[in-house]
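Architecture and fold: a report
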Amino acid sequence: MQFRNDIQGIRGLAFLLVFIFHLNYNWLPGGFIGVDVFFVISGFLMTSIIVGEKEKSDFSFYNFYLKRLKRIFPAYLFLLIIIASAGFFIYLDRDFWGFQKSVGASLLFVSNLLFARGDSYFGARLEDNPFLHTWSLAVEMQFYLLLPLIIIFIRKRFLPIVIILPIVALTAYANISMYLSHDTSIKYFSLPARIPEFLIGSLYSVTLKGKMNFSRTNNNIITTLSLGILILSAFLMDKNTPFPGATALIPTIATANLLVTGSNFVSDFFAKKIPRYIGELSYSLYLWHWPLIAYIRYYNDEYSLSTPEVIFICILTGLMAWVSYRFIENYFRKKNSPVFLRYAVSGSVLLGLLTLFLPKVAEIYKIPDIYTSPTFGVDSHNQKKTEFFGDRAAKSPKILLIGDSHALTIKPFLNYIGLRNHFSFTTVTSDGIIALHGIKRDEIPSYGMKFYDAAQQLAPFTEQNISQNKIIMINCSTFISPPSVYETVEKIARNLKHDQKLVVFETYPTVDRDPIKINRDYIKRTSRKFVVTINKENRSALQKLAASHHNIYFYDLSKSKVFETAPFYKDTLMYYNRSHLNVYGSVSLAKDLEKDFMSFFTPILNEEK
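Residues numbered from 1 in each chain as written. Predicted model: local features only at pLDDT ≥ 70, side-chain atom pairs only at ≥ 80, totals over all residues. Heavy atoms only, no water.

The subject of this paragraph is a nonpolar patch on the surface. On the surface, a cluster of nonpolar side chains totalling about 450 Å² of accessible area is made up of Phe158, Ile161, Ile164, Leu165 and Val168. Overall, Ile161 belongs to the partly exposed group, its relative accessible area being 45%. (Patch = residues over 30% accessible without salt bridge, like charges linked within 9 Å, V, L, I, M, F, W, Y side chains within 5 Å. Areas by Shrake-Rupley, 256 points an atom, 1.4 Å probe, with all protein chains shown as cover. Salt bridge = Lys/Arg side-chain N within 4 Å of Asp/Glu carboxyl O. Buried < 20%, exposed > 50% of the residue type's maximum accessible area, 1.4 Å probe, protein only.)

Structure (structure tokens):
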């Protein structure tokens, strides 16, 4: 296929869309469509190459796959080695397991499958993961495995209909799946949901290449409208837009129009030196920009980037992309297969060794787990199992603690007070949302859907335990969002037996950023000030709930003086992230509130006795 400078320029545009979106999605809310532009170009070019070689009876599966690997893998492997090495000095020990999985999945081009599972509830967020952008390369490599099978074994005259059918079927599949699940994240990283975008390029390659060439005026009109649609999509779409699916057809068809329309001034512009040069570097630019952004966000635990940080990212991205393009991409393009294979094997082995052994070196900086993760009561968290805590020998009423991760983190609080004041309790808790029926699925944001589904599976077990206990205690990060949580708790109160009581906790405050990332020790090292936030609306709602039901009692954990210096207490870390107490913090809270809590709780205990 003849090399086209204008396609390089369109690649440059695709990168810029993605880059601006990644720097700050408020600047270009739909800039993520740049990835879809890349997919259309890949489908168009690869189909053109395969069809051309097929017509010459010169196609070889081995050569096709080897060329794709030689084009993509050297710079990619170089990036993985450098970024993985840096990560062991930036990532916290508690996040290493997720980091290692990301490295391995990226190396094998299956990271899209890993990231489709979403965030770990307690771990690093996806927006902090330096390998998140590799999902698109994984999807592209997976598509390359399928494309030749379609084109080589189907006669040319049947190709258009064979390509159109999966476009229609898989687009419908993506839309229906997103509608039924209320979740776009799985389909966003999904190969089946993305195949139509590649195939749009394929369809235009086999049906319209060389045929959309009218007068230059008409060509200008077509490409201007197509470019306008593409740019408008980048501004008007956002992270709440159902995507991919039918919506993705808008920017992908606009891109395909640019690829096949004859002589026009839009193509002339993209063929000029600067757009063309950005396009030449676009692969390496894409590889390097995201890890730099992600590491800065992870280290600062803040999404927003300062102006100096943006300038730093732009300069270093450009520098590393030039090095990668000049000394890696171009070098291996000209080398024979044995040289490439030696590099691929030795580099992969090196990356594997780094991934396995560097975390062990980094363990010298490890912070004890009790400060960095939930370690108490986890056997009754997210599973159909209860645990006993407090004074098991005491003859106290049957007490049950339920709720989300905030209930998990006050288990040490209640255990400490229970041991000293002779009551015991059982627990069953879940991530993200309380495990009760009645919470509405359509109120859950897409990123919380997997936690909702897991909690709903645990709901019958939780409700069974509620029926078997006299005093039910509930703690949640919020009772008012989604609104059906409050409605569900109120329904429980109405349906309690005459001898059952319900205690609802106003939970502890949150802080504005992860103190472990900022402090990097459990002893206070940082001078940075943290913003401590109490959910006053939640507290008011719970007070109102308790006031309107004779069997509901309200207790406010946030009133403790230990939070005056949060996230530290006595210069020791008491939170393991922005919104969760660690064991030390929970016990410190118990020591401060013990007398106050027992003056509240003793009448409830005595009444049940």
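With that settled, consider unusual backbone geometry. That bond from Phe243 to Pro244 is cis: its omega, 5°, falls within 30 degrees of zero. Take Pro244: it is sitting in the loop between helix H10 (216–236) and helix H11 (249–260). Along the chain, Ala566 connects to Pro567 via a cis peptide bond; the corresponding omega equals 10°. Inspection of the secondary structure puts Pro567 in the loop between strand E8 (552–556) and strand E9 (568–569). Positive phi values are uncommon outside glycine, yet Ser57 reaches one of about 55°. Examined against the element boundaries, Ser57 turns out to sit in the loop between helix H2 (33–55) and helix H3 (61–90). Classification of Ser57 by relative accessible area gives exposed; the value is 69%. Although it is not a glycine, Lys570 adopts a positive phi angle of roughly 55°. For Lys570, the position within the fold is in the loop between E9 and strand E10 (572–573). (Helix = DSSP H or I, 4+ residues; strand = E, 2+ residues; numbered from the N terminus.)

What follows concerns the pattern of salt bridges. Evaluation of the coordinates by the stated rule reveals 24 salt bridges. Here Glu302 ties to Arg513 by a salt bridge, and the two come within 3.2 Å at their closest N and O atoms. Here the residue Glu302 occupies a position in the loop between helix H13 (273–300) and helix H14 (307–333), and Arg513 occupies one in the loop between strand E6 (510–511) and helix H21 (515–519), the gap between them amounting to 211 residues. You can call Arg513 buried: its relative accessible area is 12%. The salt bridge partner of Asp592 is Lys561, with a shortest N-O separation of 2.3 Å. Of this pair, Asp592 sits in helix H23 (residues 583–608) while Lys561 is found in the loop between E8 and E9, placing the two residues 31 residues apart along the sequence. Asp592 sits in the partly exposed class, given a relative accessible area of 23%.

A word on the pairing of strand E3 (residues 424–429). Where burial is concerned, most of E3 is hidden: six out of the six residues are buried. Where burial is concerned, the two faces of E3 agree: the one with Ser424, Thr426 and Val428 and the one with Phe425, Thr427 and Thr429 are both buried. Sheet topology note: the strand E1 (residues 387–390)/E3 ladder contains four bridges and is antiparallel. When the bridges of E3 are listed, Gly390 appears paired with Ser424. Taken together, the four bridges between strand E2 (residues 399–403) and E3 define a ladder with parallel strand orientation. Pairing of Gly403 across the sheet is with Thr429, part of E3. (Pairing = 2+ DSSP bridges.)

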